[in-house]
Structure formats: structure tokens, C-alpha cells
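Chains, contacts and geometry: an overview
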Amino acid sequence: MNKNQKNNTPFFTLERKLEILGIVIMAIGITFAISIVTYRSEDFAIIQSLDFRTILDIGQGPALRIQNGLGPTGALISHFFVHMLFGYISLVMILIILVYGWNIFLHKSLYHVHIKSLYSVFVMILVASILGWIHNEFDAVSPIWSGSAGIAIAYVLRALTGQYGPAIILSSLSIIVLMLLIRKTIQTSEEHIHAVMGWISRFWKGRNHKTPESESAADDFSSNDFKADRVKGKNEISGQSIAEDMETSVEIQSQGTRGDNDRQKRWEKMVIASRQKEEERLQKEKDEVQGNGPPRADLLNKKEDSDKDTERDSDLDITIYKGTPDEEAGKRKLDIERKNQVEKPQIKYKFPTIDLLDKAPEDGGEVDYEEINRNKMIILDKLNRHGIDITAIEAVVGPTVTLYELQPAPDVKISKIESYANDLKMAMATRGLRIIAPIPGKSAVGIEVPNRNREIVYIRSLINTRKFAETGMKLPVAFGRTIENEVFMIDLTRLPHLLIAGATGSGKTVGINTIITCLLYKCHPDDLKFVMIDPKKIELSLYRNIQNHFLATLPNATEPIVTDTAEVLRVLNSVCKEMDSRYELLKMAVVRDISAYNTKFKTGVMEEELGHRYLPYIVVIIDELADLMLTAGKQIEEPIARLAQLARAVGIHLVVATQRPSVNVITGTIKANFPARIAYQVASKIDSRTILDTMGADQLVGRGDMLYNGGGASMIRLQNAFVSTEEVERMNGYIGNQMGYPHPYYLPEIEDENGQDGPLDKSERDDLFEEAARLLVLHQQGSVSLLQRKLKLGYNRAGRLIDQLFSAGIVGPYQGSTAREVLVENNEELEELLRELDE
């Protein structure tokens, strides 16, 4: 009977259903937790740019860029929890799900779980609101910790209760939460906090200064002795004597602290032993401090002891100088300066925050006095052996190199010092030593010696300065720091183009990222567009997420960043056509440059029906020119030369980089139109002469060490700022998640080389097609501006008419800035051609 009953027992009993339900709930919670922990802000931007079929195709490259641990599904889940709800604090909800699943699995009551879950949800919302308020007021917390919901709650409190109301409300709620958590009064909670802090302090000191007496005494102390520890700590900090510590302990015992005579004796022994150890340690540190070298300061005059160096030149005073960093701007100052640049933006755009960039470590930037003194003695000794007298010497400490400024005696020839460069290299056992004879603007000779410990210049330390925040430059770029530790900035609009060269691994690509990062942090999408050409296909691919904000492409382009060398020529010719159209607009507006044109356009005096529009700056970035010259030949040189010669006035600027600065890549035509040049470390003196017209780049030490020549005779040595791949990803994810324009900035279309695209359908013709044809035949001039003036058309429609007339064989192909050739000589021939087109 029992056996039959056992066999008739259903498999899915209530208990088993609860266990299965609990496992499913916990699995869902673990899945959500993994997606939230692996959240990346740029993943959602990638999903938005893909269609459903592309996501399902696991072999597609764009879908593989999603970094979430659960792929596209996890990216959507994490975007909902982290971005839309309460940031990473949303993990509290995941914990609640896991607790529910565990209790259901164990068949436990859920009554207490409900209460604790409500309390946890309240705490989650409170913490997210506090972090959102801190983000809104001080911009000190990333939005991924509070989420959009936390920021929205803080905004509502700010709108309803003013500036101080949210702080009062959130603080009061926090105190209530703590009281509910510990179920005690605030005074009692404070005593417990002090007790715990005292126990931690005593435990830490006991580990550092442990004696047999202190170990035996510590075993007998209970939690009620924390008050004695607190008083003892105050006495030690104030510097009282051992006897005063003993009196304090006796006084505490008489006031009610428990402990018998034996315990007090052990206490006194412990105090005496600890005090003796502390005094010995302090005395040892004092002796070490007194025995150390000179104090570290930015400006120091130090006299070498004569008994350590008997040579006369080694007794010279050396002035060591390290420039102080520029004043920081602060987050609010940087935001205010950027917002003031745009009066009426077309889109609601929020500039990238400074928190997206890595902070520089606080323990860097110290001067190595031992190294400077050793180099000084080697330089003076080597020059003295060759009969060169030095009357004064100074050292300017930079991030990468230290510049030793020598003032030779009046009878010393400068060329004589320069000839001993290799001897100094061998004596110092270093590479990259460079002699400047003389230093421009000074009656001194400079010797640049690489530092043993180089300092990394972080891009955040440049952007977060008042110099960068308050600059009036249109396209500012903070490249790095000079030897004097000053922020070096240039304006692309004044260069007007930049040529970059350097060997592989010398920092050339990081320099391009520095240019783009500075422009993204300073310029609004209304004012700036990039044309990115990357033959290597991987260096600039990180910027595809901002295509609807900052990139300019052809209308039918398959990729926002040009990676196919066959498309490069079309893109550059399209930029040339954009340049010609902009010159037509400037000619119609009777202005000389893009700045005056945009200022006049904002006043509303120019009609948009005639083709007038706001003109953003366009920065064309070519990452590898040598590869383009090999694949596209000399054809690629013509549009680059045209843009370099003419594009400055209309706001189009070139940044061209190459790792092979040979004469067949950097031709005379290109060099003549690129006065501003940057050289990273190159392989030979010939390459240095090719890029800079002088030697010096072959003596650089790599990793961002560079020379800048702005077109004059002097060069500036800089340490390029470091921009990591993670910083670029965070910055692009931040911009890409914002609402952008419907499509990238479209460049003008270019006809194919064969001329016509095929027969023109009558239904596709413009209504003014025949009238425009008769007008051009009458004037024998295939000009867009002619159609604009005579037919009162905008530039875009007039350009489309020219393209249609070209397809019909009435005008010739595009010829740059000159008008197209009219292929029909008279009206009779035109009428016959129009009849053939209608048939």
C-alpha cells in the first residue's frame, strides 16, 4: 500500500515547484548582476548603430565590439539598470532578487524578507539621490553611480526646495536610516563609533610596537577600556611625557573605569614600553632627516663641499629650477567657459566631463638632486679637460629631459662645445643627448640630458587648467609640457596645417589622439567636424561612435571613417569641392574668412534660400600618408596641396602624419604648405632634416618626446600628453550616448571619373532644368554661382542642376575652382539635345 502510494506521488510537488522557482529567480539575479558589473557606456551606442539582423549575425565585426559579459542582451539590461535607473547602486535590487530566490528555494517565510526589501529599496533610492545631488552640485561623482533616476530626483528636490533644501532633506533621511539600522539613539551610536575607532588604532599600534609586556596586557583589556585608549591617544599626540600618561591612566581608573592593581601595572608597563619605542623611532627619523641632502624646492642654490670635489669647475654654484604647474581651472570653470561659446546650439549637447580622464599620481614629479649633481660634475669635468671654461651653470628640470644652461668664458668658441656631443654621451652613458648652441634669446649653451626617471604628462593635467579653459583660441590643442613645465598650446586656425612624422612606437598616434581629445573637450558639434582617414583601419576606429556628432562623410559612405584607400581620393576631392563652395559663399557675403562669415550669418542678414548656412570648422586627419602615396600615387598629392594652399580662410585644416618622412612621401609641394611641423623620434639624421630641415629629431628618446617647429628658426622640445585607449573609449561613449544629429555632416558628392552616371530620367530632372541649360549656353559658362544669381536659387539646388546638366552632356566635368566647360555651342544644338532627352 505504501509502495503504491509512493509510486503515485506526482513529480512536480509543491515543494519541488518552489525549489525550481527559487533556482530560476537566483539565475535571473546572477544574470542581471553579471550584466551590471560588466556595464560599458559605449555598448548601447554600438547597439543603436546596428540593426537586428546584424546583431544576430555573430560573425559581424560591429556586434563583436560589445564588451558586456552577456553580449547585446546584457548591454540592454545594464543600460536599463545603470543608465536609466540608479546606476551601480541598482545592484541592491539584484541582491533582493537573490534573497527572494534563496528563501523560496529553502521554503522559508517571506514576511521578514518583504520588510527588509522595502527598507533596502528605500536606502538604494536615498543613496542614488545623494550621489545625484553631489553630481549636480559639484560634478564630483560619475553618473554611472547614481543613474538618471538619482539625478532626476536630485533635480526635482533642487527645483522644489532651492539650493540648501536637498542637503537638509537628504541628511535627515540618512540619519533616520541609520537610526532604523542600529535601533539606538544617536549619542549611543557615536560612542560605539569612537570605541571601534579606538580599538582599530590600538590594534594597529600594537602590531607596529609589540612587546611581551604589551601582549600580555592587551589580552586582559575588554571593550570598556576604549575610553582609556582615547585619552591615551590624545596624550601621545600632544607630546606629554611618560609620567603624564601614567597619571592619566590612574585618573581614568579612579573615575570609574574598571580594572584591578595588576591590570593597572600591566597597563603602565605597556605605556612605558610603547613610549620608549616611539621615542626611539622619532629620534631615528630625526637623525635621518638631518643627515639627508638638501631640502626639495622648486628653486635651490646649492654649494658643493670642496672636500668631495677638488676640481675648480666642480665648485660652481648650480641653480636648479623646476617650473610650477599651471593653475587648475576646476570642473565648474571649465564647464562655464565651454557653455559660453555656443549661443543657440542646434542640439542639446553636454561636453565631456573631466572625470572621464585619468588622474595623475600624486607622488610623481620629484627632483632627483643626486642625478643632477652627478651630471653637472661630468659635464664640467669633461669640458674642463678640453680647456673649456664655464663661468655659470643652471639646470631646468623638465618631464623628460633636464636642460643644463652653461655660460662659457668669453674666449670660448661655441662650435667647440658642440663638437664634444659624442664625448658627453659616452661619459654620461645616455642616449638622446642634444646640444643647443646657443639657446635662442640667451647668451648660453644648452645641453639636454634625458632624465633617469621620466614623468608621464597626463592629458587631464593639461585640459583642467585655467590656460586651456580661458583660452580664446578657436581650435585649441594642448600638446604637452615644455622643459619649464608649462602647458604648450597651439591654435590650428593659425598654423593653419600640421605635419607630423615619427618612427613606429614614438608616440605619433597618441599625438593625434591628443589633438582630437583637446578639440572634443573645447568645441561644440555645431562648430567642428572631422574627416578621418585611417589606412591602418584600427587607429581611429574608436571614434565611429561620435559619427552623428563630429564626423563628416560622403552621403553614400559605408563607413564614417575612411579606411579604404580607393575611397580616399574621392573624399579629398569632396573636401576640395566643399572648399570651393565655401569660397562662393564668402564671395557672396563679401567677407574674408569663416569667422567673419559666421558672425554675419548669426545676425540674420543673409538669406538661407540663396544657400547661406552656418559653416563649421573641418579638420582633416590623415593618419598614414606614406601608405596613401604608395597605393594612390601622386594623385593623392594634388588635393592635399590644394587644401593646404587655399583652405585656411574657409575653416578647413589638415593634420597629416607619417612614419616614413622620406622625400618621396613629404614632397617639396607638401612641405612648402605645412610650415608647422612636429617630429617624434626618427631613425636617422636624414629623416630629421626631411621633416624639420635640421637635425635633432634623431636624438629624441621616444614615448612622446617631440620637437615642434612653428615655422620659425627655433624649435621647442615637449613631452606629449598621454591619452590611453580606455580614456578615448570613455570619452566617445559619453558623447555617443547623447542625442546627436540625424546623420553625419555630409560632404558634396563627386562624379565618377568617366563622367556620366547614365541616362537622366525625365522624372528626376529639376523643374528649372531646361531654363538653366539655356542660361548656361547663352553665357557659355558652367558656373553654380551664375545659376544662383540669375535664377535666385540656393547653392544646393544650383549644384544639383549642374550635376544633372553634366549627366545630360551639356556641361563638362568638375574642374576645381574654375567654371565647367559648356559643351553645347548654340540654342539650336541645345534644343535638339533636349528633344533627344525627352524621347
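To be clear, the structure that these remarks concern was listed above.
Please read all numbers here as calculations on a predicted model, not as lab measurements.

1. With respect to the overall build of the chain
Along the backbone of the chain there are 34 helices and 17 strands. Within the chain, counting contacts between residues at least 6 apart in sequence, those at least 24 apart form 69% of the total. Just so you have it, the chain exposes about 43,500 Å², and 54% of that area is on carbon and sulfur atoms.

2. Digging into unusual backbone geometry
In this structure, the amide linkage connecting Ala-437 to the following residue, Pro-438, adopts the cis form with an omega of -10°. If you trace the backbone, Pro-438 turns up in the loop between β5 (434-436) and β6 (445-450). Note that the residue after Leu-495, namely Pro-496, is joined by a cis bond; omega there is 5°. In this structure, Pro-496 sits in the loop between β8 (487-491) and β9 (498-501).

3. Here we look at the packing of aromatic side chains
This model, assessed by the stated rule, comprises 10 aromatic pairs. Centre to centre, the rings of Phe-80 and Phe-81 are 5.4 Å apart; their planes meet at 80°, and the pair counts as edge-to-face. Taking relative accessible area as the criterion, Phe-80 reaches 40% and is therefore assigned partly exposed. With relative accessibility at 9%, the residue Phe-81 sits in the buried group. Judged by centre distance (5.4 Å) and plane angle (75°), the ring pair of Tyr-349 and Phe-351 falls under edge-to-face. Among the residues examined, Phe-351 registers a relative accessible area of 8% and is labelled buried. Among the aromatic side chains, those forming a connected cluster through ring pairs are Tyr-349, Phe-351, Phe-530 and Phe-550.

4. What to know about the packing of helix α6 (residues 71-86) against helix α9 (residues 143-161)
Relative to each other, α6 and α9 sit at 40°, their axes nearing to 4 Å. By the angle between their axes, α6 is oblique relative to α9. Across the interface between the two elements, Val-82, His-83, Met-84, Leu-85 and Phe-86 of α6 pack against Ile-144, Trp-145, Ser-146, Gly-147, Ser-148, Ala-149, Gly-150 and Ile-153 of α9. Taken together, the residues of the contact of α6 with α9 break down into eight nonpolar, five polar and no charged.

5. As for the pairing of β8
On any regular strand, side chains alternate: one points to one face of the sheet, the next to the other face. In terms of burial, β8 is largely enclosed, as five of its five residues are buried. Looking at chain direction, strand β7 (residues 476-482) and β8 are connected through five bridges and run antiparallel. For Ala-478, the partnering residue across the bridge sits in β8 and is Met-489. Hairpin remark: β7 followed by β8, antiparallel, with four residues in the connecting loop; positive phi at Asn-485, about 70°.

6. Points about the pattern of salt bridges
All told, the structure shown has 25 salt bridges when counted by the stated rule. Between Asp-355 and Arg-460 there is a salt bridge, with the nearest N and O atoms lying 3.9 Å from each other. Here Arg-460 lies in helix α20 (residues 460-463) and Asp-355 lies in the loop between α16 (331-339) and α17 (369-385), a separation of 105 residues in the sequence. By relative accessible area, Asp-355 is classed as partly exposed at 27%. We note a salt bridge from Asp-698 to Lys-685, for which the minimum N-O separation is 3.7 Å. With Asp-698 in the loop between α29 (685-692) and β15 (705-709) and Lys-685 in helix α29, the pair connects residues that are 13 residues apart, well separated along the chain. Exposure remark for Asp-698: the relative accessible area of 16% places this residue in the buried category. One salt-bridge network, held together by shared partners, links Arg-434, Glu-448, Asp-705 and Arg-717.

Criteria and thresholds
- Residues numbered from 1 in each chain as written.
- Predicted model: local features only at pLDDT ≥ 70, side-chain atom pairs only at ≥ 80, totals over all residues.
- Heavy atoms only, no water.
- Helix = DSSP H or I, 4+ residues; strand = E, 2+ residues; numbered from the N terminus.
- Contact = heavy atoms within 4.5 Å.
- Areas by Shrake-Rupley, 256 points an atom, 1.4 Å probe, with all protein chains shown as cover.
- Phe/Tyr/Trp six-rings, centres within 6.5 Å; stacked < 30°, edge-to-face > 60°.
- Buried < 20%, exposed > 50% of the residue type's maximum accessible area, 1.4 Å probe, protein only.
- Axes fitted to C-alpha atoms, helices over the stretch in contact; angles between N-to-C directions.
- Parallel < 35°, antiparallel > 145°, perpendicular 65-115°, else oblique.
- Nonpolar A, V, L, I, M, F, W, Y, C, P; charged D, E, K, R; others polar.
- Pairing = 2+ DSSP bridges.
- Salt bridge = Lys/Arg side-chain N within 4 Å of Asp/Glu carboxyl O.

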